[in-house]
Amino acid sequence: MRHLTDAWQWMRSMMRRPSRERGLDEELQFHIDQQTEKYVRAGLSPADARRQAMLRFGGIVRVQEETRDQIRPALLDDSIRDVRFGARILWRAPGFTIAALATLAIGIGATAAIFSVTRTVLLEPLPYREPGRVVGIWETTQDGVTQNVIAPANFAEWRERSRTLEHLGMVGPAGLAAIVGGEPERLKGLQCSFDVFQALGVHPVIGRTYTYEEDYGGKDGVIILGHEYWQARLGGRPDVIGTALATEGGPRTILGVMPAGFTVAGQKADFFIPFAQTVEQLRAYSGRGSSYAVARLRDGVSFDQAATEMRTIFSQLEHDVPERNARRKVLVIPIQEQMVGDVRPGLLALMGAVGLVLLVSCVNVASLLLARSAAREREFGMRTAFGARRVRLVRQLLTESLVLATAGGLAGLLVAALCHRGLLALVGDRIPVPRIEQLRLDLPIVLFTMAVALATGLLFGVVPALVTTKQPNDTLRDGGRHSGSRRLHQVLRTLVVSEVAISLVLLAGAGLLLRSLIKLQNVDPGFRAGGVLTAEVDLPTTSYDTAHAEVAFHAALTRIAALPGVVSTAGASCQLVPYACIGTSFWRVDRAKPGSGERPSCQVRPVTPGFFRTMGIAQIAGRDFSEVDTADSTPVIVVSEELVRQQFPGENPLGRRLRVGFNHVSGREDVEWTIVGVVGNVRSSLDGPVRQTVFVPRSQRPGTGMTLFVRTAQDPDLLTRSVLDVVHHMESQAPVETRTLDTVVGNTIAQPRALSILVAVFGVVGLALAAIGVYGVMSYSVRERTQEIGVRIALGATGQSVVHLIVGQALRLVFVGVALGLGAAMLLARSLESLLYGVEPLDPWTFAGTALLLLTIATAAAYIPARRGIRMAPVDALRVN
Amino acid sequence: MADRGDVLQGTLDMLVLKALQLEPMHGWGITERIEQWSESVLQLGQGTLYPALYRLERQGLIRSEWKVTENNRRARYYSLTREGRRHFSDELAQWQRMSRAVNLVLEASLKG
């Protein structure tokens with residue numbers, strides 16, 4: 001009944017507010033007038049009477065305010081008051097507020113930053129039509145590579161036979177040297193079948209894509225540009241459509257420009273060109289190119305149906321064409337999965353790490369609030385005694401937490417913006433994180449951040465609020481010093497334990513990743529990367545055949561070798577990492593030719609004489625290539641130790657001959673290659689296996705492109721200018737890309753490095769927060785126990801023993817936290833397994849080291865307040881009460 | 001401004017209800033009536049009176065209406081509701097029991 005009346009009154013007051021408040025003014029005025037009249041009757045002058053009446057009344061505004069408080073809905077009003085009160089309280093304790101805000105800003109900001117990356121990379125749908133129905137198609141190899149390039153001949157069959165997929169097209173990398181504005185330039189793009197654009201369902205912003213005839217017709221004369229390239233190099237002019245772009249293979253007609261940000265499964269491209277091969281040419285292709293396929297599920301077909309059909313088709317192909325397909329399989333994969341499969345484990349690990357940082361911040365702020373609210377227990381006790389209900393107090397405390405959290409959230413946005421910059425700088429273009437450049441702080445992220453902040457506020461606010469307001473009457477009774485303290489101490493201890501445990505999990509994860517990174521960095525690649533400048537040069541095929549190119553490169557290498565500071569120089573067809581140059585199969589000539597699928601595979605690297613010396617690759621037996629190895633001389637190879645170990649165990653490989661699946665300079669593939677030397681193993685990726693390698697002289701396997709390797713005793717970057725001069729002197733139209741070999745190698749482990757650095761940063765932040773937490777709680781505890789400490793010292797305890805006592809108590813908590821954290825970390829470490837290299841998830845060194853580090857830091861954090869405690873005692877100790 | 005004879009916490013409501021028991025009255029009248037009855041010991045601060053009046057009205061113990069006084073001025077008159085009367089008699093009984101008890105204690109200690 002009472003509630004109904006309340007509600008009715010509330011509604012009436014809401015609706016009649018203005019008249020009611022005007023009524024109040026009139027009512028108060030009436031009161032004052034009556035009082036004035038009374039004084040006049042008593043004999044005062046009217047002016048004095050009025051003054052007395054006003055005085056008696058006491059602050060008309062105050063009366064109005066307090067009366068209005070009775071009119072207005074109490075809930076809303078209280079909340080506003082709580083917010084104001086909370087803000088005032090925070091303002092008055094700047095030390096506490098800054099500590100809490102910084103903690104929250106870090107926790108919330110890091111979470112928002114990583115979440116926005118996750119959203120951009122993993123969660124946002126790809127900008128394709130019905131992106132969920134686009135698939136990528138790959139093959140697997142007999143050595144267990146799960147996403148291997150496909151055989152174009154297989155692709156031709158799939159395209160013809162599949163009933164579940166439509167718009168099957170191939171996608172492969174393509175490089176192109178073009179002359180833009182008279183300057184030679186090397187473009188990076190993609191070869192795409194004409195179907196690819198339809199499979200993705202993306203139309204060009206201007207112009208058109210190429211047709212079936214322009215692709216499968218076999219004539220290669222068209223090009224589509226990427227939006228970014230078109231903007232940057234052609235000024236975004238629409239009139240370039242229909243004009244010819246001069247490229248190495250001849251002029252290409254520009255047909256269209258794709259939309260901004262368009263990628264094929266995350267691969268950025270300056271241009272898109274057709275394969276320009278007829279179906280017959282594809283069928284006749286014997287090996288594997290460098291392409292995979294994309295396609296769209298036909299209407300009404302499920303992903304599983306398509307995958308099943310493709311597997312069936314492939315097993316028929318394996319049966320029909322064993323030399324091409326023996327022991328291989330087909331892999332159909334959703335395009336989104338293909339894009340993010342590599343980065344997902346890392347991103348999820350980062351999400352986990354920031355989640356833990358956020359948790360530590362929550363616990364930290366909770367313990368800060370709690371220790372501080374101990375000082376306010378009397379305030380709450382007092383208010384309860386005057387009739388405030390507990391719900392009301394809890395609400396006020398929660399409001400204060402939310403005020404804090406909101407401020408923390410705003411500061412967190414700032415941190416997130418900074419994190420974005422840092423992340424982008426760290427990732428750069430070294431790590432192929434799809435769509436990272438689309439990273440932004442937009443409304444959903446702001447909303448997410450504020451939601452996290454509010455949730456955080458409730459999380460860290462609710463425990464102190466409940467603890468502080470529990471039975472405050474007892475608090476009042478004994479002066480607010482002891483009864484609350486015990487309960488408070490229990491909760492504080494729990495918070496310390498959980499803080500230590502969480503940060504241990506975080507640190508252990510960071511430790512595992514860092515150890516794994518160190519292992520990776522210490523992998524011996526088989527060559528010395530330091531002090532080498534590399535220059536990737538492409539000679540235009542319009543004016544060079546391979547023989548001319550060899551002559552030009554030889555001349556350039558000779559000139560570079562004569563440059564001051566150059567120790568030695570050599571060339572190779574490819575960079576050493578991260579790809580095998582030519583992947584193929586081989587067999588011993590003196591043994592029976594193994595069946596298809598049974599042949600060992602190797603990587604083939606065409607190099608110039610002096611390559612092993614320049615790269616610091618150990619010559620183990622036989623000789624290096626030299627000027628005597630020419631296009632017409634005996635075909636020779638140098639093989640790696642690993643190849644000898646597997647193919648010639650216990651035998652002398654020198655003089656033996658191999659058949660290797662690639663073309664000799666003469667164009668023949670049935671050449672027998674004689675082994676003239678053995679060198680140390682060279683890795684093409686730091687985290688991959690050591691592969692059997694065949695080196696062949698450039699003269700017997702030439703090309704129009706070469707990577708020059710220049711070893712110097714000085715900083716290799718200093719040579720860039722003079723090397724470029726030499727190359728441009730050789731051919732002014734040749735595009736060149738120069739990088740130090742350290743950069744090239746470093747980029748191959750940029751992703752694990754970025755991940756380890758980020759998680760390590762989060763680990764350090766977590767550790768710092770935990771240390772602050774332990775420090776704060778111990779400071780509070782020492783302050784509370786000043787008297788006890790004083791008495792102990794007065795009774796003859798040494799300062800040393802008291803410090804031991806206090807630190808010992810802190811350490812007991814830390815030990816419990818470490819034990820719990822170790823347990824949790826061991827459970828969680830398994831999830832990091834796919835990110836680790838050469839380190840077991842349960843690596844005892846990492847776990848022991850982490851525990852030790854935490855114990856050390858925590859001891860230090862407890863020691864400082866303990867020292868201060870005994871310095872203060874006993875003089876002030878007895879004064880505390 | 002300190003009021004002479006601060007009204008005890010919780011008793012103010014009762015005094016207001018008592019003042020209204022006989023007839024509807026405006027705010028100033030209530031202060032006068034209480035001052036008069038208490039032989040000028042209890043002088044209500046307006047800072048307490050009007051919030052109390054609004055609170056009591058919100059609780060449904062009193063109601064208010066605008067009327068014209070003998071001197072032809074508009075004033076808000078408060079009167080008891082049925083629930084207000086019942087509440088007052090309950091409170092009164094409670095108060096009497098309490099004050100008797102307190103008196104007994106105080107007198108006992110005087111004798112002792």
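Residues numbered from 1 in each chain as written. Chains lettered and ligands numbered in written order. Predicted model: local features only at pLDDT ≥ 70, side-chain atom pairs only at ≥ 80, totals over all residues.

Novice: Quick question: what am I supposed to make of the overall build of chain B here?
Specialist: Assigned secondary structure in chain B consists of four helices and three strands. Counting from the amino terminus, helix and strand elements in chain B follow one another as α-β-α-α-β-β-α. Taking all 112 residues of chain B together, 28% fall into the buried category. Sequence separation of 24 or more characterises 49% of the internal contacts of chain B that already satisfy a separation of 6 or more. (Helix = DSSP H or I, 4+ residues; strand = E, 2+ residues; numbered from the N terminus. Buried ≥ 20, exposed ≤ 12 C-beta atoms within 10 Å, placed from the backbone. Contact = placed C-beta atoms within 7 Å.)

Novice: How should the overall build of chain A be read in this particular structure?
Specialist: Counting its regular elements, chain A contains 28 helices and 21 strands. Counting across all 881 residues of chain A, residues that qualify as buried make up 42%.

Novice: Can you help me understand the nonpolar core in this one?
Specialist: Where a protein is soluble and globular, its nonpolar side chains tend to be buried together. Residue and element names in this part refer to chain A. Of all hydrophobic cores here, the largest spans 165 residues; its most connected members are Phe271, Val357, Val500, Leu504, Phe762, Val774 and Ala858. Per element, the largest residue contribution to this core is 18 residues, and it comes from helix H19 (residues 483-521). Two domains share this core, each providing at least three of its residues, namely domain 2 (149-327) and domain 3 (344-521 + 750-879). (Core = buried A, V, L, I, M, F, W, Y, C linked by C-beta atoms within 7 Å. Domains from an automatic or database assignment.)

Novice: I'm lost on the sheet that holds strand S3 (residues 74-80) of chain B in this one. Help?
Specialist: The pairing of strands in a sheet happens through backbone hydrogen bonds and is either parallel or antiparallel. Residues and elements named next belong to chain B. The strand order across the open sheet built from three strands is S1-S3-S2, with neighbouring strands paired in antiparallel fashion. With one partner strand each, in any of the chains shown, strand S1 (25-26) and strand S2 (62-68) form the two edges of the open sheet. Two strands pair when backbone bridges link them, and S2 and S3 are joined in this way by seven bridges, in the antiparallel orientation. Note that in S3 the partner of Val68 across the bridge is Arg74. Relative to S3, helix H1 (residues 11-22) is tilted by about 100°, and along the sheet it contacts S1, S2 and S3. (Pairing = 2+ DSSP bridges. Axes fitted to C-alpha atoms, helices over the stretch in contact; angles between N-to-C directions.)

Novice: When you look at the confidence of the model for chain B in this model, what are you seeing that I'm missing?
Specialist: Note: predicted coordinates in regions of low pLDDT should not be interpreted at a detailed level. Residues and elements named next belong to chain B. Across chain B, the average pLDDT comes to 80, with 85% of residues at 70 or higher. The model gives residues 1-6 a pLDDT under 50, and that stretch makes eight contacts with residues more than four places away or in other chains. Here the predicted complex carries an ipTM of 0.81, next to a pTM of 0.70. (pLDDT = per-residue confidence, 0-100.)

Novice: What is the right way to look at unusual backbone geometry in this model?
Specialist: Both trends apply: most residues other than glycine have a negative phi, and most peptide bonds are in trans. All names here are of chain A. Cis geometry marks the peptide bond from Val577 to Pro578; its omega dihedral reads -5°. Of note in the backbone geometry, Glu130 takes a positive phi value of approximately 40° without being a glycine. Tracing the sequence through the fold places Glu130 in the loop between helix H5 (94-123) and strand S1 (134-140). Glu130 gets classed as partly exposed once you count the C-beta atoms within 10 Å, which come to 13. Although it is not a glycine, Arg327 sits at a positive phi angle of roughly 55°. Residue class for Arg327 comes out partly exposed when judged on the 13 C-beta atoms lying within 10 Å of it.

Novice: Explain the pairing of strand S19 (residues 693-697) of chain A to me, please; I cannot follow it from the model alone.
Specialist: Along a regular strand, successive side chains alternate from one face of the sheet to the other. Residue and element names in this part refer to chain A. Of all the five residues making up S19, five are buried; the element is thus mostly covered by neighbouring parts of the structure. Sheet topology note: the strand S14 (residues 601-607)/S19 ladder contains five bridges and is parallel. Bridging from a neighbouring strand, Val604 pairs with Val694 of S19. Direction of pairing for strand S16 (residues 636-640) relative to S19: antiparallel, over a ladder of two bridges. Counted as the bridge partner of Val638 is Phe695 from S19.

Novice: Would you take a moment to explain the pairing of S14 of chain A for this structure?
Specialist: Residue and element names in this part refer to chain A. Burial within S14 is extensive, with five of its seven residues counted as buried. With four bridges connecting them, strand S13 (residues 582-588) and S14 associate as antiparallel partners. Looking across to S14, one finds that Thr584 is bridged to Cys602.

Novice: What is the right way to read the packing of helix H14 (residues 344-373) of chain A against helix H17 (residues 443-469) of chain A from this model?
Specialist: The geometry of a pair of packed helices is captured by two quantities: the angle between their axes and the separation between those axes. Residues and elements named next belong to chain A. At a closest axis distance of 9 Å, the pairing of H14 and H17 adopts a crossing angle of 30°. When the axis of H14 is compared with that of H17, the two are roughly parallel. Taken as a pair, H14 and H17 cross one another with a handedness that is right-handed. On H17, the residues touching Leu358, Cys362, Val365, Ala366, Leu369, Leu370 and Ser373 of H14 are Thr456, Leu459, Phe460, Val463, Pro464, Val467 and Thr468. (Parallel < 35°, antiparallel > 145°, perpendicular 65-115°, else oblique. Left-handed = near helix turned anticlockwise from the far one by under 90°.)

Novice: Would you mind going over the environment of His87 of chain B with me for this structure?
Specialist: For His87 of chain B, the position within the fold is in helix H4 (residues 82-111). Spatially, the C-alpha atom of His87 of chain B lies 32 Å from that of Ala108 of chain B, the residues being 21 residues apart in sequence.

Novice: I'm lost on the environment of Leu822 of chain A in this one. Help?
Specialist: All names here are of chain A. The topology assignment puts Leu822 in helix H27 (residues 799-829). Take Leu822: there are 19 C-beta atoms within 10 Å of it, and that puts it in the partly exposed class. Ignoring sequence-local partners within four residues, the contact set of Leu822 consists of Leu504, Phe847 and Ala851.

Novice: Help me understand the environment of Phe88 of chain B in this model?
Specialist: All names here are of chain B. Here Phe88 lies in helix H4. Exposure remark for Phe88: the 19 C-beta atoms within 10 Å place this residue in the partly exposed category. For the pair Phe88 and Met14, spaced 74 residues apart in the sequence, the C-alpha separation amounts to 6.5 Å. Residues in contact with Phe88, not counting those within four places in the same chain, are Met14, Leu17, Lys18 and Gln21.

Novice: Looking at this model, I keep getting lost on the packing of helix H20 (residues 546-561) of chain A against helix H23 (residues 720-730) of chain A. Mind explaining?
Specialist: All names here are of chain A. Where H20 meets H23, the axes come as close as 10 Å, and the angle between the chain directions of the two elements is 150°. The pairing of H20 with H23 is recorded here as roughly antiparallel in orientation. Considering the relative orientation of H20 and H23, their crossing is right-handed. Only Val723, Val726, Val727 and Met730 of H23 make contact with H20, whose side of the interface consists of Ala552, Ala555, Ala556, Arg559 and Ile560. Along the lines of polarity and charge, the residues of the contact of H20 with H23 split into eight nonpolar, no polar and one charged. (Nonpolar A, V, L, I, M, F, W, Y, C, P; charged D, E, K, R; others polar.)

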